[in-house]
Every structure is written in structure tokens, then in C-alpha cells.
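Below, each chain spelled out in residue letters.
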Amino acid sequence: MPGILALGAYLPHRRLDRSTIAAVAGRGGGRGTRTVAGYDEDATTLAVEAARTTLRPHEGAPPAALWFSTTTPTYADKTNATAVHAALRLPADAVAADFAGAARSSVSALRAALVGGGPTLVVAADVRPGLPGSPDESAAGDAGAALLVGEGTDAAPALAELVGTGARTEEFLDRWRTPGEVRTRQWEDRFGEQRYVPLGKAALDAAVADAGLALADVDRLLIASPHARAARTAGRKLGVAPEALADDLGATVGNPGATQPLLLLVAALEAAAHGDVIALVSLADGADALVFRVTRAAADLAPTRPVVDQVAGGAPIDYPTYLRWRDLLATEPPRRPEPARPSASAAARTTDWKFAFVASEDRTSGAVHMPPSRAAMHGGAIDDMEPRPMADSTGTVVTSTIDRLAYSPSPPIVFAIVDFDGGGRVPVELTDCDAAEISSGVRVEMTFRRLFTADGIANYFWKARPLRDRDGTVVRAVVADAG
Amino acid sequence: MGSHGIRDQVAIVGMGCTPFAEHFDRGVDDLLVEATAEALDGAGVVRADADAWWLGTAQSGMSGIVLARALQLEGAPVTRVENMCATGSEALRAASYAVASGAYDLAVAVGVEKVKDSGYQGLNAFPIPTDGTNRTLTAAAMFSMVLPAYAERYGVDPDDLRRVVARIASKNHANGAKNPKAQFRREMSVEAICDMPAVAGQLGVFDCAGVADGAAAAVVCRAKDAHRYTDTPLYVKALSLVAGNGSGLIDPNYDYTTFPEIEAAGADAYAQAGITDPRGELALAEVHDCFTPTELVLMEDLGFSARGEAWVDCEKGAFDLDGELPVNPDGGLKSFGHPVGASGLRMLYEAWLQLRREAPPERQVATVDAGRTLALTHNLGGYPGEMVSFVGIVGTEPTA
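Digging into the overall build of chain A
- Scanning chain A from N- to C-terminus turns up 12 helices and 22 strands.
- For 483 residues, the compact-globule formula gives about 23 Å, and the C-alpha radius of gyration of chain A, at 23 Å, lands near that figure.
- Dimensions along the principal axes, computed over C-alpha positions, put chain A at roughly 70 × 55 × 55 Å.
- A burial count over chain A gives 52% of its 483 residues as buried.
- A sequence separation of at least 24 residues applies to 72% of the contacts in chain A between residues at least 6 apart.

And the structure:
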């Protein structure tokens, strides 16, 4: 029986307090917060982070396929999933493809993966657009979520098994956006509501029947929909007990588009107990319902970054900076030449370094070379190197500086020399931090980012970001007391 | 195998240097004509007397044709050389070795840079296609990492150290104020330098070298022929160059308080010139003060100060114009300005003036009258952890 083998989510570091919007935009906003992707993040980088979290415990068993779903792809014409594939160092024979465009595409990707064909990584990530002051801007959120699905094995048992599915497809116009536009337009709210609620009911009923269960057996109901009003009404009218309805994270994260159903599933599974029946209902251009039963293996799930912790974490961003990061507030750029576009052929030669942060290690001295080198430093040999993956290494800031002159999409650049635990040093840009937080001794991890965009090319590479305590405090290396 | 140098085999018999400034009204051709005309005139020769030419420019033109066309050199061997900010010194090395080899009788080294046509402040390297993973930090930020590292290693209060490096800039401004060819001719107090807006780390605008257009040139001949051209030639005592392997960027043992490439080039140059006590033997040193922390560390890497003591020596004025060893008496990159390809030869120009007692009296160093006959030029390109370093030594007396 196919099921979910691994899961993980990624919420970006910044949080926008919705109550700060109206003072600038003149309208909009509301209560609570929403997540905000960094200026150096896009759907692809969020997907990489969510997928890394998901696959880290499964290093020896890579997925046979990668389906990447988003409403906000970085590229059209070019596949976005291949960058995720490269960052994860998946085998070349693992298929990577986009399920991009509509909010429904993520659930569709999940369905396709559950049908079979070997372990498949389904990842969704969105950086949701919206005009200043719009309901979408306020209600949306940015996030990534990933599920590894397939048949459970003794080595990798399913955490939850798929026990029933249902679906309804219907063509009607509720929400639409021309590719590239910031604004999503929508028809009168009540039209969509009247369509979606019966569709959701039909799909859920079908899925529960398919599982041989009754609605009363559902312990957790997850409702995902770009149509907030329809989702609210469905929560009351689908026939599931009110206490089974899960938090949709709207008050803290917002609605991250195609990512929402996967994010809710990840959050629910992280909190689930053996035997729980979890029903996911997605209302988007029809309705999809998937019913899962949580297995005994879920008890062993020990997520390193559970959604609940990520929701509680993060740091505030002011609204004008948010607008600047989304290119909705044009400000004076640094008076420096903009960076040149990266070379496609040069990048193709160094894919493992650029996308997966794989260094080389001199077999004789053990010295780590970043970027990888054929010749070893300090008199070493030539062509006596092993690949040395560094993406999951943590390190410590040796020295740091703030560059107020260099080009950056969001100056100033915070820059550090980082020594990795177990060897290797790299001069690297820092992100997800305030300049004042960084000094020697700060502990860091690596994160996949978009450094800049030139000629339409997203220049992906890695940055370091500080490790933080649960309360958000930057972690520092413990200095041995010399007495 | 070994680095033998060409001590006293070649001599410099004419030099020229344009004013360094924002020459919005002068192009590369103008700067080349002016610097070479002064150098050739000084040696009493004309263009046709030169057998070979080396042009140093980092990015103001490609190939020797830039110089051949500007001066209308017909049928002459002209080579363009480039080694980042050490480009001017590289032109001198090439011309000197060519003459020492016997291939040519008279060669000219010219360095030029036209940096003020980019439309941006500072220096901007033109882009070489890459995979997009190279860092995009400014040189100021890379060198700014020296200060906290130095303060920590030697237990110096960071605020004290900040004032010491501001004093270095203040000294170079005071020297440049006495130099009619310098870009900045205004004295700057330590307080004013410290109050400037931050550019990178602790460094402010006035911790950075001036960015200027300019050119400089040197005429080189065999030492035994030198007196045909001038009564007061400078003999080349040492030419040393080290191009780092970039290991400082990735080697956890590198601590940002020293530039190993410079220490190595210095040691090689002292060996070539037979110098054992540089601080006591040199009349002056022109060093690559691209940023104030650079000059601080250079004092140690070049052996002028013991490790960890340069900040004390700088504070005490050991390297002031009237100090024990005057450093950058012409104002240095800080005040003279830094046209990349010209700077190495500009340093040599100051040695040319000072050792021959032709510097303006208000900045003529007293060490020459005290009997010292040697000058050092130090020129670097790149960043901490990844740099090229040149050290040259010239003197007025051939070895007996």
C-alpha cells in the first residue's frame, strides 16, 4: 500500500505583521503574521530547503522521481525541478519535472506519485504575489513542503498509508492570473463558495467510502484552498466533527498557494498518533480528497525542524522592506555595476559545487578545497581528490565584515570567513540575519539561495545562515575556558 | 634552480609620471604620451631609440597595440602585461629582464589606467564569464577583515587600532599635500578620517586609496651603458614577484594578520639585493597602501616592524616623512591616487626623485642625506588570502 515515507517543511525566516500594512498601503492587512521569503529566495530555493529536510534521514535511498509543484515558478520553458534535483544530488536517472501553474498542481503531483512508480519526492514551494493592500498580499504566505511517497519497506516504513481517494473536476472561473503578473483576479466570492463546498463534500465522501470508513472515523480534517471563504464554509459543512478540523496556519504562515495542502499534511503528520485517520481536502478547480491512516512507524518520526517550531520562530520584517524584496517598491540601487549573468557552460561544469555545495578533499592531507580543485594546496598531488559534500556541514564564523559598497539586491552584504566542523574554510555571504548579530564565534549552517538574477538567469548558490536557539537567539561556539 | 635576480645588471635612466587625477579631459592616449615623453626626455632619447616596450594596463586596453598606436611606434615589439594592481611593476620586470638578457639595449616600461570612464566610483573589474559562485565582495570589505583579526591576535584594543590605521591615512595625506602630482593634496586629521561614513567593516571612505587616472614610465638600459643617458641612474637591485595560490581563502590556518605572498616576495628581494636590515638600510619605501590596514600589515611582512609591533611603530611615527624609515613620502595610493596599471611605476618614480634628491624640498627625505642609497617599492594585487605581490629595490650605487 503506498504511503508517506518521509516529510519536511521549510518556512522562511521573516514574518510580516499584517497590522503594519494599512499604514503604508492605505488599506489591506489584518491580524496575525505571514511568512516572507528572503530577497534571495524563490520557489526553487524554498523547495530545495524543504526537500533537504525531508531526505536527510534517507540518504541511502534516493527517490526515483521528483515532482516540483508551484504557482510561482522562476522559469517558464525551462524545468525548475532540475535545479532541485541538482541541489539534492539525486541520481541522473531520477526523473525531475514541474507540476507548475495552478494551486491544484501539488495535490495532483501527490496523487500521481501515490499511484506508483517507485519512491517519489513531491515538493511544493511558493512565493505568493499580491498587490500592496490586497487581500491576497495579506492572506498569502511563502513556504516549501515535501513528501517522499511510495511503498513502505522494512528499512523505510510508511509513516501514513493512503487508504482512500476521491476527486471532482469542474471547469469554472474563480481565480486567475496571467503569468508574470503580481495580481490574482477573482470572481465574486459567493460564486466559488457555492461551487466548491458541494465538490469538496462529494470528493471527501468518495474518499472515505473508498477507504471503507465513515466520516466519523476522520480524526483530522485538513482543508486547503485558495478560496478562503469556501474553505471556511467547507469546514462546517463536510460532516466531520468540528474538533477534527486542523489549524490552516492562516494566522501565522498564511496561504502558500500550491504548497498549502502539503504543508498542512506535514504539520498534521508531525503531530499524529498511530491509527489516526487524516483526511486532506483540497478545493481548487474541483476538489481532491486523500485519506491516510497513520502507522506505528510515525511514533519514531523525530523531525529536526517540525512545522510547529518553525511557526514559532522567525524574525519580523518591516512592510517597506517586504515591498522592496518583492520588487513592489522601486528604490535606488547601489551605484555599482550590476553583476554579469553566470555562464551556462561554466555552471554545467561545476554543477555539484554550484548546486549541491560539494567540495573536494585531498586524499593525502585531508584538506578540503572549496571550490573543488584538481591540484591540492601546500604541495599536494594533482588529481588525488575525493568529492566532499559540505551542504549539511555546520561551521563557525572566524571573522566577518559588512560591505556597504558591493552590489546586492538588499545591501549591505554581511560576509564571513567560515571554518567548517571537520575541516574546510569558505569566505561566504550570510543571510537570514541582521548585521549586528554576526561576529566571530557565530555558528552557521548552509542554505541554498538565489544570489541575484541577471539577464533573467537565476544565479543559484549557497550562503551561510546563523544557527538559532528555539527563542531565536544566534548560537555561538562555546569557547574553551583557558582558565 | 634558484632565484638569482639581476642585481646591478640594468639601470633606470629616465622616468615620467603624469599627475594622478580624475582626468575626465584626458584619454589613455594622452596619458601614455605625457608619461613616456617625460621619461624619454629625461634619458635624452627619442621613441625610435627604444628597442622594445612593455605596457602595463589592467583593463584600459588590450594588447601592445594600445601603446604602439598612441605613440605611433612603427615595427616595434610592444607587449601588454597584466597582473592586477601589480601590473605596473610587472611591466618593469619584463623590460628589465629583456635588457639583462641582452636581447635589447634600451627598453621602456609604461603603466597606464583610465579608471574614471566607467561611470562608477571605485575600481570595477570587467567580468570574466564564471559559474556565478565567485564572491562579489569589494576589496575594501576583504581588507577590512584584517583589523578585527589583528586586534584579536595581538590583544590591541579595536578602537586604538582603528585610530592607528587612521593615522596611517593621515600621514599619507600629509605627504601627498606636498606632492603637486598627487590626487588629494589636503591634510586630513585622524579625527576627520575616523568620522567618515563606513564603507566596509570599520573602514571609512578615507581608509581607501584614491581612484585616479594616470600613467608612469621608466626607461631601462644595461647598467654599463647608464651614464650615456644620465649622471644619476638608479640601479635595479632586486625584482621579486609572488603570485599566491589563493590558499588563504580556504586554508583554516590563515588568520588575516599577514600576507604570506608579501613576506615571500620581500625575503626574495632582500636576498637578491643583499639587504639584511631593511628598516636600517632603506632610505624610503613606497608600499601598496590600498587600504589603511594593508599598510599596517605590510610593515611587518616587509620586515620593517616585528610581528605585532607595526601598530606601535606607526603610532610612534617611525614611518613618517621625518621618521626612521619614511614610507610613502609621495602620499601613497591613499593620496597620490591609484590608476591600477600605473601605480607600480609611480612608486618607482618617487624613488627616482628621492634618491636623486629631486623631490620638492618639503618632502625630500633626510635619510638620503644621511647616506642611505636604497629604496623599496612594493606593489600588490588581489586580497588577503589571494594576492600577487611585487617587491623591487633600486639604489644609486652599483656594487663595487
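Examining the sheet that holds strand 1 (residues 2-10) of chain A
All names here are of chain A.
- Judged by pairing direction, the sheet is mixed, and its 9 strands sit side by side in the order 5-4-6-7-1-8-13-12-11 without closing on themselves. Looking along the sheet, the strands with just one partner apiece sit at the ends: strand 5 (95-100) and strand 11 (220-224). Averaged over neighbouring strand pairs, the angle between their axes works out to 25 degrees when direction is ignored.
- Examined bridge by bridge, strand 6 (residues 120-127) and strand 7 (residues 142-151) share 8 bridges and lie antiparallel to one another.

A short note on the nonpolar core
- Counting 286 residues, the largest nonpolar core has Val 84, Val 123, Ala 279 and Val 281 of chain A together with Ala 109 and Val 110 of chain B as the members making the most contacts within it.
- Leaving out residues up to four positions away in the same chain, Val 123 of chain A has contacts with Ala 47, Ala 50, Ala 51, Leu 66, Phe 68, Val 84, Gly 144 and Ala 146 of chain A.

What to know about the pairing of strand 9 (residues 282-286) of chain B
Residues and elements named next belong to chain B.
- Most of strand 9 is tucked away, with 5 of its 5 residues classed as buried.
- When strand 9 meets strand 10 (residues 374-383), the two strands line up parallel, connected through 4 bridges. Of the residues in strand 10, the one forming a bridge with Leu 284 is Ala 375.

Topic: the confidence of the model for chain B
- Of the residues in chain B, 100% reach a pLDDT of 70 or more, and the chain-wide mean stands at 96.
- Quick note on the complex model: pTM equals 0.95, ipTM equals 0.92.

Analysis parameters
- Residues numbered from 1 in each chain as written.
- Chains lettered and ligands numbered in written order.
- Predicted model: local features only at pLDDT ≥ 70, side-chain atom pairs only at ≥ 80, totals over all residues.
- Helix = DSSP H or I, 4+ residues; strand = E, 2+ residues; numbered from the N terminus.
- Rg over C-alpha atoms; globule rule 2.2 N^0.38 Å.
- Buried ≥ 20, exposed ≤ 12 C-beta atoms within 10 Å, placed from the backbone.
- Contact = placed C-beta atoms within 7 Å.
- Pairing = 2+ DSSP bridges.
- Axes fitted to C-alpha atoms, helices over the stretch in contact; angles between N-to-C directions.
- Core = buried A, V, L, I, M, F, W, Y, C linked by C-beta atoms within 7 Å.
- pLDDT = per-residue confidence, 0-100.

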